[in-house]
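# Analysis of the macromolecular model
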Amino acid sequence: MAQHSDKLPFRSDTAEMNRAQLQAGVYLQSRKIYDLFNFLIGHLLVEEPEDPVEFMVNLLDKCMLFRAGLCEPPLLFNTQHIESMFRALDPSGTGAITMVQYRTGLMTLGITRFEESPPTNKDGNVEKQTFIQEARQRLVAMLAEMLEKH
């Protein structure tokens, strides 16, 4: 009769594995590694480069140059994308959107922390330039925070 050589993990082995997984998760979260990978994957999916490894190396180089203050931020969404988002929220072309549309637009761009009470016009709506400025500032701030040294 053949003996089964696989051992079931002992309770202490399982606890040690769980502790190691927790420690790894805390490290990855605190160093914003998940955010960095999402950033890289987002760029890959938008650009669909022939050589994804070379593309990511170049993108990381741009990130390092931005972090050192030597170049513009390599944002996934540039001003044209932000303007397109605004036009989608303002199909009648009034040049202003409601506060609900403002929040929805920023969240659609992946921005979760933003000015809750931005400047508004006399009707209480957010004008195009305010939306674009807020979105760009927040996208740059998110990238800078993700890339900061720890």
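In short, a report on the structure.

What counts, and where the lines are drawn
Counting of residues starts from 1 at the beginning of each chain's written sequence and follows it residue by residue. Per-residue local features of the predicted model are confined to residues with pLDDT of at least 70, and side-chain atom pairs are confined, for both listing and counting, to 80 or more; whole-chain, interface and lining totals are unaffected and use all residues. Water and hydrogen atoms play no part in the side-chain values, which are based on all heavy atoms of the structure. Working definition: rings of Phe, Tyr and Trp (its six-membered ring) pair if their centres are within 6.5 Å, and the pair is stacked with planes under 30 degrees apart, edge-to-face with planes over 60 apart, and tilted otherwise. The numbering of helices and of strands both runs from the N terminus, where a helix is a DSSP run of H or I of at least 4 residues and a strand a run of E of at least 2. Relative accessible area decides the class of each residue, using a 1.4 Å probe on protein chains only: under 20% of the type maximum gives buried, over 50% gives exposed, and in between gives partly exposed. Polar contact criterion, stated in full: a pair of N or O atoms within 3.5 Å, where within protein one must be able to donate a hydrogen and the other to accept it, and residues adjacent in sequence count only if both atoms are side-chain atoms. By definition, residues are in contact when any of their heavy atoms lie within 4.5 Å. In the sections that follow, a salt bridge refers to a side-chain nitrogen of Lys or Arg positioned within 4 Å of a carboxyl oxygen of Asp or Glu.

As a further point, take the packing of aromatic side chains. Tallying each qualifying case throughout the model produces three aromatic pairs. Ring centres 5.8 Å apart and planes at 50° place the aromatic pair Phe 86 and Phe 131 in the tilted group. Separated by 45 residues along the polypeptide, Phe 86 in helix H4 (residues 79-89) and Phe 131 in helix H6 (residues 128-147) bring together distant segments of the chain. Accessibility expressed as a relative area gives 2% for Phe 86, which makes it buried. Phe 131 gets classed as buried once you look at its relative accessible area, which sits at 0%. Pairing Tyr 102 with Phe 114 gives two aromatic rings, centres 5.8 Å apart and planes at 90°, and the pair type is edge-to-face. Residue Tyr 102 is found in helix H5 (residues 99-108), and its partner Phe 114 is found in the loop between H5 and strand E2 (126-127); the two are separated by 12 residues along the sequence.

If you trace the backbone, Glu 134 turns up in helix H6. A residue is classified by how much of its surface remains accessible, and Glu 134, at 9% relative accessible area, is buried. Only 2.8 Å separates the side chain of Glu 134 from the backbone nitrogen of Glu 115, close enough to count as a polar contact. Ignoring sequence-local partners within four residues, the contact set of Glu 134 consists of Tyr 102, Leu 106, Phe 114 and Glu 115.

Quick look at the pattern of salt bridges now. Counted according to the given criterion, the structure contains six salt bridges. When the shortest N-O distance is used, the salt bridge between Glu 116 and Arg 103 registers 3.4 Å. Remark: Arg 103 occurs in helix H5 and Glu 116 occurs in the loop between H5 and E2; sequence separation between them is 13 residues. Arg 138 is the partner of Glu 134 in a salt bridge, and the nearest nitrogen-oxygen pair spans 2.7 Å. Residue Glu 134 and its partner Arg 138 are located together in helix H6, separated by four residues, close to a single helical turn. With relative accessibility at 28%, the residue Arg 138 sits in the partly exposed group. Each of Lys 32, Arg 113 and Glu 145 takes part in a single network of salt bridges with overlapping partners.

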